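Here are the chains, one letter per residue:
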Amino acid sequence: MNHLYPIFLKVHELNVLLVGGGFVATEKLEFLLKSSPLAQVTVVSKFFRSEFLELAHGKETVTLIEDEYHEKYLRGKHIVIAATDDKAVNRQIRNEAKERFLLVNVADTPELCDFYLGGIVTKGNLKIAISTNGKSPTTAKRLRQLLEEVLPEEIDDLLENLNAYRATLKGDFEYKVKAMNEITEGLVKREKQDA
Ligand SMILES: C[C@@]1(CC(=O)O)C2=NC(=C\c3[nH]c(c(CCC(=O)O)c3CC(=O)O)Cc3[nH]c(c(CC(=O)O)c3CCC(=O)O)/C=C3\N/C(=C\2)[C@@H](CCC(=O)O)[C@]3(C)CC(=O)O)/[C@H]1CCC(=O)O
Ligand SMILES: NC(=O)c1ccc[n+]([C@@H]2O[C@H](COP(=O)([O-])OP(=O)(O)OC[C@H]3O[C@@H](n4cnc5c(N)ncnc54)[C@H](O)[C@@H]3O)[C@@H](O)[C@H]2O)c1
């Protein structure tokens, strides 16, 4: 049983602290920016690998600070991702973030996470988040790849058209719910198989 509750965060309006600038931090920033290109991210790291610098280059909402982690960097942040190669520092980040009631992810360390980063599929306005409850990140990746392939790009046209149709509906809430349900019924109705 997976007890996690997924939410869709406006990370372009929230302040994210990422600690670390190595391989793992690069992967986390890559997936964060892939889904949320305007995410507001401050990165604090003793050094930055060239892969990380390449990824962050030219991204106006990503701020790099070359420094050791210090508690002061938690100020004004909503979410924290710890991705250093120093387990004691990662734990310190987690503890100090928790004292401030911040949500914290320690990369690849489920027992220290308040939330997990998931596999994410984006097709225009549609976004699907995938979690295996930390059991198999590789499966989350494979499912993401599968859904990216099978979901048509046109699914976004469907959403836009339905949104436009909804705007034309005059009537009370109940009427609109009924009309929207009727017009989308075909999406879930199974076609009758010819014998
Ligand atoms: C989905 C994704 C999102 C992202 O990273 O943004 C993600 N991991 C991804 C890939 C991936 N990560 C790892 C491998 C190598 C294979 C392997 O080792 O298993 C691969 C596969 C690859 O790279 O091919 C290593 C790894 N990861 C974790 C552990 C610890 C453990 O399992 O105990 C270890 C071992 C470390 C070690 O051995 O030391 C843990 C976590 N990784 C999570 C997320 C969270 C659970 C998500 C869920 O509920 O499924 C969680 C719990 C915490 C977190 O980090 O948030 C991203 C795919 C993105 C995409 O492609 O779409
Ligand atoms: N590389 C991988 O794919 C991988 C896979 C599984 C597990 N891991 C583990 O994950 C951890 C991180 O690995 P990595 O490959 O990203 O290491 P890395 O050497 O590429 O990067 C470590 C980063 O942590 C930063 N850092 C260390 N101490 C810091 C501090 N006090 N304040 C601020 N920044 C600090 C360094 O500046 C560096 O940028 C390691 O423990 C590694 O064994 C790595």
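Notes on the structure in this doc start here. The model shown is predicted, which means the values in this text are computed figures rather than measured ones.

1. With respect to the pairing of strand β6 (residues 119–123)
Here is step 1 of the chain: By the alternation rule, side chains of β6 split into Gly 119, Val 121 and Lys 123, which are all buried, and Ile 120 and Thr 122, of which none is buried.
Here is step 2 of the chain: In terms of strand pairing, β6 meets strand β7 (residues 126–130) through 5 bridges, oriented antiparallel. If you follow Lys 123 over to β7, its bridge partner there is Leu 126.
Here is step 3 of the chain: Linking β6 back to β7 in an antiparallel pair, the connection comprises 2 residues, with Gly 124 at a positive phi of about 60 degrees.

2. Brief notes about the site of ligand 1
Here is step 1 of the chain: Inspection of the region around ligand 1 gives 20 residues, with Lys 28, Thr 132, Gly 134, Lys 141 and Arg 144 positioned closest.
Here is step 2 of the chain: Here an oxygen atom of ligand 1 sits 2.8 Å away from a polar atom, N or O, in the main chain of Gly 134.
Here is step 3 of the chain: Here an oxygen atom of ligand 1 sits 2.6 Å away from a polar atom, N or O, in the side chain of Lys 141.
Here is step 4 of the chain: Here ligand 1, which alone exposes 1100 Å², has 71% of that area covered by the protein.
Here is step 5 of the chain: Where the shell around ligand 1 is concerned, the elements lending two or more residues are α1 (23–35) and α4 (137–150).
Here is step 6 of the chain: Ranked by the residues each element gives to the shell around ligand 1, the list is headed by α4, at 5 residues.
Here is step 7 of the chain: For the shell around ligand 1, the residue count by class is 7 nonpolar, 8 polar and 5 charged.
Here is step 8 of the chain: The two domains that each donate at least three residues to the shell around ligand 1 are domain 1 (1–117) and domain 2 (118–151).

Quick notes on the rules
- Residues numbered from 1 in each chain as written.
- Chains lettered and ligands numbered in written order.
- Predicted model: local features only at pLDDT ≥ 70, side-chain atom pairs only at ≥ 80, totals over all residues.
- Heavy atoms only, no water.
- Buried < 20%, exposed > 50% of the residue type's maximum accessible area, 1.4 Å probe, protein only.
- Helix = DSSP H or I, 4+ residues; strand = E, 2+ residues; numbered from the N terminus.
- Pairing = 2+ DSSP bridges.
- Near = heavy atom within 4 Å.
- Polar contact = N/O pair within 3.5 Å; in protein donor to acceptor, adjacent residues only side chain to side chain.
- Areas by Shrake-Rupley, 256 points an atom, 1.4 Å probe, with all protein chains shown as cover.
- Nonpolar A, V, L, I, M, F, W, Y, C, P; charged D, E, K, R; others polar.
- Domains from an automatic or database assignment.

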